[in-house]
Amino acid sequence: MQQIIFFFIRNKNFLLFAVLFTISVGLTIQTHNYHNDKYISSANFITGGIFTFRNNIADYLNLGKENEQLLQENLMLRKKLDQFKEVVNVEKLDSTVLPNKFNYFTARVINNNYSKTKNQLTLDKGRSDSLKIDLGVISSKGIVGIVSDVSENYATVQSILNTESRINAKHKNSGHFGSLKWDTKKPNVIQLVDIPRIAPLAKGDTIVTSGRSTIFPEGILIGTIKDFQLDKDNNYYYVNIELFNDMTSLEHVYLIENSEAKEILELEKGVKDVEQ
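The text that follows walks through the structure, step by step, so that each part is easy to find. (Residues numbered from 1 in each chain as written. Predicted model: local features only at pLDDT ≥ 70, side-chain atom pairs only at ≥ 80, totals over all residues. Heavy atoms only, no water.)

Looking at the pairing of strand β4 (residues 143–150)
Burial analysis of β4 places six of its eight residues in the buried class, which makes it a mostly covered element. In this structure, strand β3 (residues 136–138) lies alongside β4, joined through three bridges in antiparallel fashion. When the sheet's bridge partners are listed, Val 137 is paired in β4 with Gly 145. Hairpin connection from β3 to β4: four residues lie between these consecutive antiparallel strands. The pairing of β4 with strand β5 (residues 155–162) spans five bridges and is antiparallel. The partner of Val 150 across the bridge, within β5, is Ala 155. Hairpin connection of β4 to β5: four residues between the antiparallel strands. (Buried < 20%, exposed > 50% of the residue type's maximum accessible area, 1.4 Å probe, protein only. Helix = DSSP H or I, 4+ residues; strand = E, 2+ residues; numbered from the N terminus. Pairing = 2+ DSSP bridges.)

So this is what it looks like as structure tokens:
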């Protein structure tokens, strides 16, 4: 204890300088927008770099698992292609002649929260990779969330495990739709609300995206019905959905851009302005 006291006495001038310097830097950052922006940008760059380094090591150790997932996904895509061929009755398909308003990007998850109430993910791509706010995020197994913010090289995603998340979804068999929300209890179970009581629900039925927004196309997998019950007014179902995705173990994701989103939103905004 005596040595510690002597240390502070011997270095009192340097320690006082360090404290005052830290306080002055903090005040400068808080009171000047330029310095504040530079600080936030630098912090994001350093944090993103640390997350990237950590995930590079984890990815190397999980190559076997990743390869297995790629094999399963390729198998699923091949089956869907065969089904499509049967529907349109063609043997050869040229993707350049198939109309598609959705563009797809890939990214890697470098940070993932799932134990909070407002969970976020961080991706290793950003504005320089054509990413922007409100892109839908999915994996090979189902939806993940929506891009909430982007920097030059990174992006954050509002997870479906977030109390502020609201995504349109529907009962695949009947087409009845509602909204997804999360009660914060389990990372593998989310809730679907506002499904009318006339919907013929059954345990194990599939829930998919409804396509009633400019973010997700129709039919993206979400999960299966675990159980359900009527609300207190007996008008709508409260449905527990077991996710296809393991939200605690996400590595690679796809981002979806609706190339017609801007046109649709501008049109809807114009209609609202006329109504007002």
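We are not done yet, so read on.
Here we look at the packing of aromatic side chains
For the structure on display, the rule yields one aromatic pair. Here Phe 228 and Tyr 237 contribute two aromatic rings whose centre-to-centre distance is 5.3 Å and whose plane-to-plane angle is 90 degrees, an arrangement assigned as edge-to-face. On the basis of relative accessibility, which here comes to 31%, the residue Phe 228 falls in the partly exposed class. On the basis of relative accessibility, which here comes to 15%, the residue Tyr 237 falls in the buried class. The ring of Phe 177 has Arg 212 sitting right over it, with the charged end atom 3.7 Å from the ring centre. (Phe/Tyr/Trp six-rings, centres within 6.5 Å; stacked < 30°, edge-to-face > 60°. Lys NZ or Arg CZ within 6 Å of the ring centre and 35° of its normal.)

Side note on the sheet that holds β5
As summarised here, the arrangement of the six strands in space is β1-β2-β5-β4-β3-β12, forming a closed barrel in which the pairing is antiparallel. The sheet shows a mean angle of 45 degrees between the axes of neighbouring strands, taken without regard to direction. (Axes fitted to C-alpha atoms, helices over the stretch in contact; angles between N-to-C directions.)

Overview of the pattern of salt bridges
Counted according to the given criterion, the structure contains four salt bridges. Arg 108 is paired through a salt bridge with Asp 124; the nearest N and O atoms lie 3.7 Å apart. Taken together, the residues Arg 108 in strand β1 (residues 102–112) and Asp 124 in the loop between β2 (118–123) and β3 connect sequence positions 16 residues apart. The exposure class of Arg 108 is buried, given its relative accessible area of 11%. Take Asp 124: its relative accessible area is 23%, and that puts it in the partly exposed class. (Salt bridge = Lys/Arg side-chain N within 4 Å of Asp/Glu carboxyl O.)

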